[in-house]
Amino acid sequence: MSFDWGFFWKNLLTPGAPFLQGLALTILISVLAMAGALVVGLVIAMMRRSTFMPFRVIASLYIWLIRGTPLLVQLVIIYTGFAAANVFRFQDVDLGGILIKAAIQAAIVGLILNESAYISEIIRAGLDSVPVGQTEAAQALGMSGASAMRWIILPQSLRLMVPPLGNSFNGLMKSTSILSVIGVSEMFLVTQSISAATFRTFEIFAVVAIYYLALTTIWTIIQSAIEKKLNARVGIVTTASPWQRLFGGRRSAPLTPVTALSDSGVLK
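Cut-offs applied
Residues numbered from 1 in each chain as written. Predicted model: local features only at pLDDT ≥ 70, side-chain atom pairs only at ≥ 80, totals over all residues. Heavy atoms only, no water. Helix = DSSP H or I, 4+ residues; strand = E, 2+ residues; numbered from the N terminus. Contact = heavy atoms within 4.5 Å. Expected span 1.5 Å × (residues − 1). Buried < 20%, exposed > 50% of the residue type's maximum accessible area, 1.4 Å probe, protein only. Arc of directions from axis to C-beta. Polar contact = N/O pair within 3.5 Å; in protein donor to acceptor, adjacent residues only side chain to side chain. pLDDT = per-residue confidence, 0-100. Axes fitted to C-alpha atoms, helices over the stretch in contact; angles between N-to-C directions. Parallel < 35°, antiparallel > 145°, perpendicular 65-115°, else oblique. Left-handed = near helix turned anticlockwise from the far one by under 90°. Nonpolar A, V, L, I, M, F, W, Y, C, P; charged D, E, K, R; others polar. Salt bridge = Lys/Arg side-chain N within 4 Å of Asp/Glu carboxyl O.

Along the polypeptide, Ile112 turns up in helix α5 (residues 102-128). Excluding anything up to four places from it in sequence, Ile112 contacts Leu32, Ala33, Gly36, Ala37 and Val40.

Written out as structure tokens, the structure is:
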């Protein structure tokens, strides 16, 4: 069977409504899951840094469990396993006329739990990269621990966290293809349905590969702009363009933390 270029270009340039709905669902789930994972990851990271040992133990066990098991297994346990064991069953929810299916809820929860374990380590490493002297200097100026974290530690560590966090979001978008196993009609499952109906497997999966590539490329450009803005705030000129980030080329500015603190407590 030869490659059907007409079928390929038609689905690439003018995809049908089901494919576009799957694309929109892929983006929506990715954004919601990443937002939730950032919140949960921050909580886990703070627990890892806590002086209260039970918090550190719980956070360490959570990270060990989630990072040590496949996402696919976690999704099946969350959606099917808990229901079979009568532990918890996701139900369809109607929010103001918008039906959120049980599988979508389970998918978002599963992605949040999985991604938060990795994000917590990114956040913890970013916070630990700021010298302890910064906190001590802030406290010497009369700042509370929360204020020092808000105004001194986070602004410095955020610039170091953005690159790995951005890469995590890219990986998360690609991981949504696994959600088809629990029946979420995202882009990959819709593509499987089109393939089964038309027997044009190569053509339609080439189309979906291009769409995934487009999503990750767009996010890489956005991420590059965010990094450039954060670097500019501390006086670092980013020389690498988004296209150099994508295809290789000149290296950007090194990600070294700013350690200077003025007498007034403002970052230099």
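More follows now that the structure is in view.
Another aspect to go through is helix α8 (residues 187-198). Its twelve residues place the ends of α8 16 Å apart at the C-alpha level, agreeing with the 16 Å of an ideal helix rising 1.5 Å per residue. All of the buried residues in α8 are Met187, Val190, Thr191, Ile194 and Ser195. Angular distribution of buried residues about the axis of α8 spans 140°; they occupy a single face of the element. For α8, exposure combined with an orientation more than 90 degrees from the buried face picks out Ala196 and Ala197. Buried residues belonging to α8 abut α1 (5-13), α2 (17-48) and α9 (201-233). Its side-chain oxygen 2.7 Å from the backbone nitrogen of Phe188, Glu186 forms the N-cap of α8. A positive phi of about 60° marks Phe199, the residue just after α8.

When pLDDT is averaged along the protein chain, the result is 88, and 88% of the positions lie at 70 or above. For residues 257-268, every residue scores under 50 in pLDDT, and the model assigns this stretch 32 contacts once sequence neighbours within four places are set aside.

With their axes 9 Å apart at the nearest point, helix α3 (residues 53-67) and α5 run at an angle of 120° to one another. Between α3 and α5, the angle falls in the class oblique. Between α3 and α5 lies a crossing of left-handed hand. From α3, Tyr62, Ile63, Ile66 and Arg67 reach across to α5, where they touch Leu113, Asn114, Ser116, Ala117, Tyr118, Ser120 and Glu121. Looking at the contact of α3 with α5 residue by residue, the classes come out as six nonpolar, three polar and two charged.

This paragraph deals with the pattern of salt bridges. By the definition in use, this model includes seven salt bridges. As a salt-bridge pair, Glu121 and Arg48 come within 3.0 Å of each other at their nearest N and O atoms. Taken together, the positions of Glu121 in helix α5 and Arg48 in helix α2 put the pair 73 residues apart, joining distant regions of the chain. A salt bridge links Arg200 to Glu203; the nearest nitrogen and oxygen atoms lie 3.2 Å apart. Looking at Glu203, the relative accessible area reads 4%, which means it is buried. The network of salt bridges with common partners includes Arg48, Arg49, Arg67, Glu121, Arg124 and Asp128.

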